[in-house]
Structure formats: structure tokens, C-alpha cells
Amino acid sequence: MALLSLSRQLGLLAVMSCFVSVANSEDARTQASEFAAYRHDSLRTADAAVLSWSTESKKTAGDFVKRSLTRSVGRPRAFRVAVGDKIRTVVRFDGQSALWQTSNEWGSLAEKRTVLAVLRLHQNAEGFLFDGSTNSGLTRVQVRDGKWQVGVQAPPIGNAANPDIATHHAKYGEWQAHAFVFEKSGTQTTIRHLVAASDLVETSNATSDVAHPLSGFILGTNAATKMGLRCDVADVTVFEGLIADTDLDQRLKSLRAEWQNAQDLPAEKQPTEPGIYDPQVFSKVLRKGGDDGSKAYRIPGLATTPKGTLLAVFDIRYNGGGDLPANIDVGLMRSLDSGETWSSMQKILDFDQNEAGSRGNGVGDPAILVDREKGSVFVAALWSKGNRAWHGSGPGLAPDETGQFVLTKSTDDGVTWSPPINITKQIKRPEWRLCFQGPGAGIQTRNGKLIFPAQFKDAANVPHSCFIVSCDHGETWTISPAALPDRPPTSEAQIAELDDGSLLLSMRDESRSGKRAWARWEWNEKEPNSIVGKWTRTWSTLPDPTCMASLLRTPSGALLFSNPQSSTQRIALTIRKSHDGGQTWNAGRLIDPRGCMYSCLTILADGRVAVLYEVEGTLTFARLARNADR
């Protein structure tokens, strides 16, 4: 059946006139080219976990890689359906998950474009099907109040003025083919939504005075990752340009016909959930969303005290998984039996969220450090009064100007903690935009120095990894020079002491090279009780998906390193070992094959290796059997 005219669909002459003159003229249609195409047969999965979605765009080899959706949020899952005699895999989004790519990698579409999608909405689903991966531009497509809303127009497409169209636009449980067409003319954007439902192609349109650049791409939620859509998605194709109506009509009908008889495979034929299968790894979930009234927990730190007590620190992210600024506190749990059982959670850093203009007055990204000579424990964190975190912090030293580097101290094995100790003025230059710890853990050197890995953003807003050091058991602190003063930009770091007393710094590479950055610091032996020294070597090695990682020296002198075992995906937490000061590493031991992010290692009192890490919305503690790290 030909594309229905607007007079039949809407009965609105004025809208039809606008539609014909602006959006439905065959003469106005250009030949569209595929910008990125995600087909059901180009998913990369591990059991039920979706790792990435490759694009079939063949412009150049570079485009093929860069426009793939290689980053994930939550748990996008592989789901199998039968289409005729063929088994196909689609992506199941649960409302808390997404696949995405940055604007730097995916690109940006500022003018005319068309998006085709084959999908099935879950019952009563509401949220975003896709958005740009940045907050620049309003390119969203979402289901709201049972109707589709495209861009920023109000009321949504498929509104009460068009009841016949609305009946199929947000129908639940039915495979549908949708097209979303953005046509920009000057400052005005005409937005069309077409859906193939039953044997018809129905269309509606709206206009907006807001330009709609599509910068990056996030599928399954919005750029803030707060409004996910529960749905199954089989195919998504993004076109640069507009498709002629007759062609668009035929494409939608063909897609609808292809998928309308798809049948779900029974549960026993669905992919299995990944998990820890290694009998030499004991695991226990310490925190998950909903515990103690907090929606999320992130950023693990882990340490063992001289008494053998395990201390776990983390962000309590009350309102969701987002970073500072927000209502975030630093929490702690203790274990007296090597992680078998744990205390209830206590808050050890907490600023008043009700202070006017404080944006939640959050404090987070903790790092923990044990002074074995004194028996005291320090936790460092970033305090953001207002928008004074990674993006909003500026030059200056005061809390109303810049993020604050704060500590809290315990002298009773982590039972009680001091009020915040602000060391910002000791270590931050006024022209820098931010200075704070590298989350995870600090160290004490063999000659007693206390060291926290750290990072700062210089006057040009470029991040650099470094460390801070105290030669008087935490009374005063000094900051080192940047490990890499030029390039690449680096941020979250961890540190270990080598056999010769030098320091090895492992850094997150913000250039997204897919590798870990490393640097070596040598002390000036003539000034043993100072920060005097220099960086002597830098290099890149080991795959890393631009993520925080953990570095630890064992009592034998070997080094352990934990991070996601991928250059692009935060998946498959792996612990590697080095016997030559980090120059070479073994293949490592897989701890968890699922979607994993930040981690922190420690050595237990009996010599076993333990790690606290983020996996799929939880903070999970894992302990290796004796000698299992070999």
C-alpha cells in the first residue's frame, strides 16, 4: 500500500500543506548514504552479555571501527528469536542498560538524517530509544506516556489530536519497523516519524526551532543514562541525508514483513548468564543498588590493616550512578575474617546535602592508605561543593572555586574516623582547575613515606597523573610533577614501589589509545625525606578501555595488576602478574567475564590475594585461593 496521505491520516489541511511543502516533497529528498548500520548478525557477545555492536558502514576501514558501539552501560543482553528457519540474536535492553560510542569516535551529524530501527517495546516501557552521547543538541527519540516523542516538540508525535496514529506508535510486544526523519531548513527542523504496523505505513510530523546535531550515539537510554527503555532491538541504521518517500515506504514494509512472525526461543535455548565459574575464586556481593536506600554504589578501595582487618571504601551514590556533582558520600565496611563476613555500612565522609547551591555537596572517588608504622588509616576523597568536580571545577583554592582534596583518618583500625582534613592548599596550584586523588589505594614505602596516587587538571584543563607524598605520617603533604607533562593526557592512577625503591605509576590514558600508560619515578638519594626526584621513563602496554585499574606489590616483590581485559570494553576483569618491575606481564587470571569496571587489590593477612570490583551494578569482593594468582 502506498504511503498514506496526511489528509487521510490527520484530516488537517494546514498540517498537510506544511508537510507537503517542507517534508514530503520528492524533489527535496536527497540520496542518503549509510552512516552507521547495526544489524542483528553483527553483534559481539559472550554468553548472554552483549560486548559490542559492529557497524556495517564501509566508507573506510576507520569508519567501520570507530562507529561501532563498543561501550556499554549496565547489562545489555543477547536474546534469541526464530525468524522462519533461522535463529537470530537481538539486543535486550532492560531500562538500565545501553550501548554507545563517543562523539570523537562515532562522529557528528548536524544536518539531514534518517534513522531506521526494528524493535519491540516491553510492556509499559518508557524511556529513550536513542540519543546523542553528549548533551549538545536534542536528538532524542523516546516513548513517553505511551506515545513516541521525537526531538523536543510538545505534545509528542502520536498525540491525542491524532488518535488513529497513536494506536500503533507505542504498541507493546509487537515487532515494528520505525523511521525517524530529521530535516533541517535554516533554524527549523521538521521531524517525521513513520511506523510500519499491520499492513500500513503511518506517519506523523512536528517542527522545532531547535537545531538537532547528533553527536555520538547512545542506544537504549539518554545521554545522562537516566531514562532507559525496556525493549528488544534487532536492527538500527543511521543514514546521512533523506530517503525518498517511496523508498522509505518500501523499506519499512519489508522490515515489518521480515520480523512480524519472529518467535522467541524457549528459556532453555537462550544464552546463559555469565558469571564466576572458577572454583579457586570465592566471591561475595558487598553492595548493590537499593542497599541502605542508595540507588548505586561505585569506586571501590580496599586495604588490609596490620591487625588483618579488611577495609572496603566506596561511593554511596544515593540518586543514581552519575558522578559528582551529586549527593554522594564515602562509605566503609569492615571484615575481620578475610572477607567471609562484613560489618554494616558506615558513612565516613559526608557533607550537608541541604546546603544551598551545593548541588548535593558530594564527596567521593575514595582512595585508602594504611600507615603500618603508626597503625593509622587515611581515606582521601574529592569534595565538590556545587559544580566543582571533573567538569565544573575552576582555578582557585576555596571550596566555592575548585574541588577540594580532603582526608579522613582512623587510629582504631577503621572503627571511627576524624572530621574532614582539607589539604587542598598544601598541594594544589591556584591556576590549576582541579587536584584530587587517584581512586583505589595508596601505599607506604619501605622507608615510611605515605603516598597517594593523584591527578590534576592544569590551567589549560588538561589532566595529568602524579602522586602526593608525606614524610611525617600524614601531617603535611607535597605533590610530584606530572608523570607525562605533554601527551597523552592521563588521569586516574595507581602506584607501587619497585625493588630498587623507585615508584611505578599506572595511568588511565585519556587519549583513548586502548592501552595503559606507565611511568617510573626515581628519588634523589641525597634527599631521602623529600619529594626530590624525577620521572625517568614512560611507556604504554597492556590493553585498557580507558578505565581505572589497580596496581599492587606483593610481599615477594612481584607486581599484580587488575583491569578489564579489553582495549575497548569494560569487561572481563583479569589479574596479571609481573616479575620484572612491570616491563612484561603474564596472560593473567580471569576473575569475572562479565561487564566489569573499577577494581582495587589487596594482600590479606595470610598472603592470599583479594580484589573489590564493580560488576553490573554491584561492588563484589573476590578472594583467590592460596597461590591461585600464579
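What counts, and at which threshold
- Residues numbered from 1 in each chain as written.
- Predicted model: local features only at pLDDT ≥ 70, side-chain atom pairs only at ≥ 80, totals over all residues.
- Heavy atoms only, no water.
- Phe/Tyr/Trp six-rings, centres within 6.5 Å; stacked < 30°, edge-to-face > 60°.
- Helix = DSSP H or I, 4+ residues; strand = E, 2+ residues; numbered from the N terminus.
- Buried < 20%, exposed > 50% of the residue type's maximum accessible area, 1.4 Å probe, protein only.
- Lys NZ or Arg CZ within 6 Å of the ring centre and 35° of its normal.
- Polar contact = N/O pair within 3.5 Å; in protein donor to acceptor, adjacent residues only side chain to side chain.
- Contact = heavy atoms within 4.5 Å.
- Pairing = 2+ DSSP bridges.
- Axes fitted to C-alpha atoms, helices over the stretch in contact; angles between N-to-C directions.
- Core = buried A, V, L, I, M, F, W, Y, C linked by side-chain atoms within 4.5 Å.
- pLDDT = per-residue confidence, 0-100.
- Salt bridge = Lys/Arg side-chain N within 4 Å of Asp/Glu carboxyl O.

Trainee: Looking at this structure, how should I read the packing of aromatic side chains?
Mentor: Scanning all chains against the criterion turns up 23 aromatic pairs. Relative to tryptophan 106, the ring of phenylalanine 35 lies with its centre 4.8 Å away and its plane at 65 degrees, an arrangement referred to as edge-to-face. Residue phenylalanine 35 is found in strand β1 (residues 33-38), and its partner tryptophan 106 is found in helix α4 (residues 103-106); the two are separated by 71 residues along the sequence. Ring geometry for tryptophan 432 and phenylalanine 456: centres 3.8 Å apart, planes at 10 degrees, overall stacked. Note that tryptophan 432 is positioned in the loop between α7 (424-427) and β29 (434-437) and phenylalanine 456 in strand β32 (residues 450-457), a separation of 24 residues in sequence. By relative accessible area, which is 7% here, phenylalanine 456 ends up buried. Each residue in the set Phe35, Tyr38, Trp53, Trp106, Phe130, Trp148, Phe180 and Phe217 is aromatic and connected to the rest through ring pairs, giving one cluster. Taking NZ or CZ as reference, lysine 457 lies 4.2 Å from the ring centre of tryptophan 390, over its face.

Trainee: Would you take a moment to explain the side chain of threonine 304 for this structure?
Mentor: Checked against the element boundaries, threonine 304 lands in strand β21 (residues 296-304). A polar contact is formed between the side chain of threonine 304 and the side chain of threonine 602, at a distance of 3.0 Å. Residues in contact with threonine 304, not counting those within four places in the same chain, are Thr309, Leu310, Val370, Arg372, Thr602, Ile603, Leu604 and Ala605.

Trainee: Even after reading the chapter, I still don't get unusual backbone geometry, so can you show me in this structure?
Mentor: Cis rather than trans, the peptide bond between leucine 324 and proline 325 has omega equal to 0 degrees. Here proline 325 lies in the loop between β22 (310-317) and β23 (328-335). Note the cis peptide between arginine 487 and proline 488, where omega equals 0 degrees. For proline 488, the location among the structural elements is in the loop between β34 (478-479) and β35 (490-497). In this structure, aspartate 145 is a non-glycine residue whose phi angle is positive, near 55 degrees. Among the structural elements, aspartate 145 can be located in the loop between β11 (141-144) and β12 (147-150). Of note in the backbone geometry, aspartate 413 takes a positive phi value of approximately 65 degrees without being a glycine. Mapped onto the fold, aspartate 413 is located in the loop between β27 (404-410) and β28 (421-422).

Trainee: Explanation requested: the sheet that holds strand β4 (residues 71-73) in the structure shown.
Mentor: Whenever strands of a sheet pair, they do so through backbone hydrogen bonds, lying parallel or antiparallel. Taken in spatial order, the six strands make up an open sheet running β4-β7-β17-β10-β11-β12, and their pairing is antiparallel. Each end of this open sheet is capped by a strand with a single partner; those strands are β4 and β12. Shown here is a sheet whose adjacent strand axes are inclined to one another by a mean of 25 degrees, direction ignored.

Trainee: Is there a simple way to explain the sheet that holds strand β41 (residues 573-578) in this structure?
Mentor: An order of β39-β40-β41-β42 is seen for the four strands of this open sheet, with the pairing classed as antiparallel. The open sheet is flanked by β39 (550-553) and β42 (589-592), the only strands paired with a single partner. This sheet shows a mean twist of 25 degrees between the axes of neighbouring strands, independent of strand direction. Note: β39 against strand β40 (residues 559-564), four bridges, orientation antiparallel. Across the sheet, residue arginine 553 finds its bridge partner in β40, namely leucine 559.

Trainee: Help me understand the nonpolar core, please; the structure alone is not making it clear to me.
Mentor: Soluble, globular proteins show a tendency: their nonpolar side chains are buried together. One finds Trp106, Leu129, Phe217 and Leu219 to be the most contacted residues of the largest nonpolar core, which totals 36 residues. In this structure, Leu311, Tyr318, Leu332 and Met333 belong to the second largest nonpolar core, which totals 35 residues.

Trainee: Looking at this structure, how should I read the confidence of the model for the protein chain?
Mentor: Low-pLDDT portions of the prediction should not be read for the details of their coordinates. The pLDDT averaged across the protein chain works out to 87; a share of 87% of its residues lies at or above 70. Low pLDDT, under 50, characterises residues 1-28; the stretch is placed with 52 contacts to residues that sit more than four places away or in other chains. Confidence drops under a pLDDT of 50 for residues 159-167, and excluding neighbours within four residues, the segment shows 12 contacts in the predicted structure.

Trainee: Can you help me understand the pattern of salt bridges in this one?
Mentor: Working definition: two side chains of opposite charge can pair if their charged atoms are close together. Taken as a whole and assessed by the stated rule, the structure comprises 31 salt bridges. A salt bridge links arginine 520 to glutamate 522; its shortest N-O distance comes to 2.6 Å. The class of glutamate 522 is partly exposed, set by a relative accessible area of 31%. Residues joined in a network through salt bridges with shared partners are Arg298, Asp315, Arg317, Asp323, Asp365 and Glu614.

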